[in-house]
Amino acid sequence: MTTAALIAAAFLPTWGSLEAQYKVPEWFEDAKFGIFCHWGVQCVPEAGDWYARHMYGDPRRGQGRFHRDRYGDPKEYGFKDLIPFWTAHRWRPDELCALYKKMGAKYIVAMANHHDNFDNWDSPLQPWNSVNMGPKRDILKAWAKAAEASGLRFGASFHAAHAWTWMEPSRDYDGLATKEDGKGKWWEGFDPQMLYWQNHTPSPDYKNLGLINKRWAWGHGASKPSDAFMENFKGRVMDVVAKYKPDVLYFDDTVLPFWPLNESKTGLEIAAEFYNANMSQHGGRLEAVLTGKVLGEKERKSIVWDVERGTPQTPMFPHWQTCSCIGEWHYNRDASNRNRYKGAGTVLRLLADIVSKNGNLLLSIPIRADGSIDEKELAVCEDIAAWMAVNGEAIFGTVPWKVCGEGPQLSKTPPLSGQGFNEGRIPQATREDIRYTASKDGKTVYAIALVPPPEGEKPVCGELEKAGIALGERLTQVKDFPAVWKCHAKPGK
């Protein structure tokens with residue numbers, strides 16, 4: 001059946017059609033925990049997030065200074081010139097997916113492209129891709145194969161809808177280079193405008209790197225992308241859907257890609273075509289999850305709400321997701337050297353809070369340029385795995401209880417800001433902070449003490465007492481990570 005015929009039979013590219021028919025799949029509600037494989041060319045300098053933008057910034061500070069000190073003037077050595085050094089020579093996706101599985105992850109989301117507009121697969125619509133250059137490997141294909149071998153669901157993330165404005169600072173350096181400029185260079189035959197897309201009138205004051213956040217939803221003076229750019233982006237997304245059959249599509253966009261331009265036409269078409277293709281893939285059963293950010297109540301019934309580095313103050317319905325990272329999204333060697341990673345205890349407390357509020361945690365473990373993770377990251381992963389092995393029943397396949405928890409942290413959690421970003425402002429947990437989950441049949445309640453009491457002591461669980469439920473068996477304690485009690489309702493309750 002053609003895509004057009006499938007749309008006619010099922011989802012249409014309208015909010016009404018999506019809202020009327022979409023339901024978050026049970027596998028995703030049960031999963032609770034996934035891994036974000038956020039890895040690409042920008043990991044080459046190992047200098048942190050948004051390198052391909054900020055390297056064109058102030059030469060006196062930050063990544064602008066770093067780039068000039070290490071590589072030289074961006075006019076001669078721009079973002080494109082980092083690509084040959086992304087070799088991925090130590091990347092073992094099978095081993096990484098086996099580790100993620102051991103940690104309890106039920107799905108992975110691998111980065112298809114970032115705001116730098118470089119595609120991590122054999123992309124027919126973007127010649128600047130990981131098969132033609134850099135690793136010279138189909139990164140997404142290998143992730144998908146490794147995920148399947150480990151029994152993990154596969155997803156792909158797309159961030160390149162914002163390349164149009166995000167790469168504007170490159171205009172004063174190599175961002176306006178042409179195919180003819182590549183004669184005699186390593187990129188001869190490739191058109192830099194397919195990577196940078198800067199043959200347009202730029203946004204006002206585009207040199208002000210901080211304005212990108214204000215303009216994220218394509219307002220406040222952001223240069224409007226061309227129809228060709230939007231169609232190119234959509235074609236690349238649907239190419240991944242056709243080739244690698246992901247069950248998850250993650251978009252780093254307010255609501256949907258290019259919303260609210262062209263009345264959300266491009267994003268709605270992607271959503272409808274993805275849902276229909278996924279149903280065809282699964283014999284008429286919808287297993288698809290498509291995430292967007294800063295969603296209203298109506299939109300959360302059509303796609304899954306993704307909260308970046310944050311958690312809402314109360315349980316939210318339908319099911320939602322937080323994406324977070326133990327360090328920076330792109331690998332930063334300094335974060336490792338200065339011990340700036342989240343520890344396993346911090347991750348597990350965050351996970352318990354999110355699950356108690358009806359969400360999932362999509363966690364990034366930054367990957368080095370060569371494809372490996374460092375020893376400190378591995379230690380965090382192993383600690384998470386140890387806790388999950390003996391306490392995972394309080395997380396996986398559970399549902400929210402009557403209340404999500406109790407304790408001072410809940411009342412002091414600040415509201416979300418923009419895409420999320422309240423994670424770093426949430427007060428530290430105390431021994432009074434408890435989170436609750438329940439089995440689907442309601443017969444078992446799990447009390448998760450975010451800070452474990454001393455050996456032999458029990459937490460005070462006022463909400464359990466109100467419900468007539470006594471603390472039951474304490475599951476195995478791992479280090480100073482959250483403590484879990486498995487409780488059963490008293491007869492007649």
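This text follows the structure it describes.
Residues numbered from 1 in each chain as written. Predicted model: local features only at pLDDT ≥ 70, side-chain atom pairs only at ≥ 80, totals over all residues. Heavy atoms only, no water.

**Here we look at the overall build of the protein chain**
Each helix and strand counted, the protein chain has 17 helices and 13 strands in total. Scaling as 2.2 N^0.38, a compact globule of 493 residues should have a C-alpha radius of gyration of about 23 Å, and the protein chain matches this with 23 Å. Overall size of the protein chain, expressed as C-alpha extent along the three principal axes, is 80 × 55 × 45 Å. Buried positions account for 61% of the 493 residues belonging to the protein chain. (Helix = DSSP H or I, 4+ residues; strand = E, 2+ residues; numbered from the N terminus. Rg over C-alpha atoms; globule rule 2.2 N^0.38 Å. Buried < 20%, exposed > 50% of the residue type's maximum accessible area, 1.4 Å probe, protein only.)

**Describing the pattern of salt bridges**
Under the counting rule described, the total for this entry stands at 32 salt bridges. Arg309 serves as the salt-bridge partner of Glu423, at 4.0 Å between the closest nitrogen and oxygen. With a gap of 114 residues between them, Glu423 in the loop between helix 16 (408-412) and strand 10 (434-438) and Arg309 in the loop between strand 6 (304-308) and strand 7 (320-325) connect regions that are remote in the sequence. For Glu423, a relative accessible area of 16% gives the class buried. With a relative accessible area of 17%, Arg309 lands in the buried category. Between Asp353 and Lys357 there is a salt bridge, and its shortest N-O distance comes to 3.2 Å. A single burial state applies to Asp353 and to Lys357, both of which are buried. (Salt bridge = Lys/Arg side-chain N within 4 Å of Asp/Glu carboxyl O.)

**Concerning the pairing of strand 1 (residues 33-37)**
Of all the five residues making up strand 1, five are buried; the element is thus mostly covered by neighbouring parts of the structure. Across four bridges, strand 1 lies against strand 8 (residues 359-364) in parallel orientation. Among the inter-strand pairings, Gly34 is bridged to a residue of strand 8, identified as Leu362. Pairing between strand 1 and strand 2 (residues 107-113): four bridges, direction parallel. Bridged to Ile35 within strand 2 is Ile108. (Pairing = 2+ DSSP bridges.)

**Observations concerning the environment of Ile365**
The residue Ile365 is located in the loop between strand 8 and helix 15 (375-391) in this model. Ile365 sits 349 residues away from Gly16 along the chain, and the two C-alpha atoms are 37 Å apart. In contact with Ile365, not counting residues within four places along its chain, are Ile35, Phe36, Met103, Ile326, Ile373, Glu377 and Cys381. (Contact = heavy atoms within 4.5 Å.)

**Quick notes on the sheet that holds strand 13 (residues 483-488)**
Read from one edge to the other, the open sheet built from five strands follows the order 9-10-11-13-12, with strand pairing classed as antiparallel. Unpaired on one side and paired on the other, strand 9 (399-406) and strand 12 (473-474) mark the two borders of the sheet. In the sheet, strand 12 pairs with strand 13 via two bridges, with the strands oriented antiparallel. In the strand pairing of strand 13, Glu473 is matched with Lys486.

**Re the environment of Glu29**
Here Glu29 shows up in helix 3 (residues 26-31). Between the C-alpha atom of Glu29 and that of Asn358, which follows or precedes it by 329 residues, the distance is 8.1 Å. Those residues in contact with Glu29, other than ones at most four positions away along the chain, are Val24, His319 and Asn360.

**Thoughts on the packing of aromatic side chains**
This model, assessed by the stated rule, comprises 31 aromatic pairs. Ring centres 5.0 Å apart and planes at 45° place the aromatic pair Trp39 and Trp91 in the tilted group. With Trp39 in the loop between strand 1 and helix 4 (51-54) and Trp91 in the loop between helix 5 (62-70) and helix 6 (93-103), the pair connects residues that are 52 residues apart, well separated along the chain. Residues Trp121 and Phe158 carry aromatic rings whose centres are separated by 6.2 Å and whose planes lie at 80° to one another, so their mutual orientation is edge-to-face. You can see Trp121 sitting in the loop between strand 2 and helix 7 (139-150) and its partner Phe158 sitting in strand 3 (residues 153-158), a full 37 residues away along the chain. This pair shows no difference in class: Trp121 is buried, exactly as Phe158 is. Three or more aromatic residues joined by ring pairs make a cluster, and in this case those are Trp121, Phe158, Trp164, Trp197, Trp218, Phe229, Phe233, Phe251 and Phe258. Note that Arg300 overlies the ring of Trp305, its terminal NZ or CZ placed 4.8 Å from the centroid. Here the basic side chain of Arg309 rests over the ring of Trp329, its NZ or CZ set 5.0 Å away from the ring centre. (Phe/Tyr/Trp six-rings, centres within 6.5 Å; stacked < 30°, edge-to-face > 60°. Lys NZ or Arg CZ within 6 Å of the ring centre and 35° of its normal.)

**As for the sheet that holds strand 8**
Spatially, 1-2-3-4-5-6-7-8 is the arrangement adopted by the eight strands of the closed barrel, whose pairing is parallel. Averaged over all pairs of adjacent strands, the angle between their axes in this sheet comes to 30°, without regard to strand direction. Inspection of the sheet shows strand 7 paired to strand 8 by six bridges, in the parallel sense. Paired with Ser324 across the two strands is Leu363, which belongs to strand 8. (Axes fitted to C-alpha atoms, helices over the stretch in contact; angles between N-to-C directions.)

**Observations concerning the nonpolar core**
Counting 140 residues, the largest nonpolar core has Tyr100 and Trp143 as the members making the most contacts within it. Grouped together as the second largest cluster of nonpolar side chains are 15 residues, Trp401, Ala438, Leu464 and Ala483 included. (Core = buried A, V, L, I, M, F, W, Y, C linked by side-chain atoms within 4.5 Å.)

**Focus: unusual backbone geometry**
Cis geometry marks the peptide bond from Trp259 to Pro260, where omega comes out at 0°. In this structure, Pro260 sits in the loop between strand 4 (248-254) and helix 12 (265-281). Note that the residue after Phe317, namely Pro318, is joined by a cis bond; omega there is 0°. By the element assignment, Pro318 lies in the loop between strand 6 and strand 7. Positive phi, normally seen in glycine, also occurs at His220, with a value near 55°. Position of His220 relative to the elements: it lies in the loop between helix 10 (211-214) and helix 11 (227-244). For Asn358, which is not glycine, the phi torsion reads 80° and is therefore positive. Mapped onto the elements of the fold, Asn358 is located in the loop between helix 14 (344-356) and strand 8.

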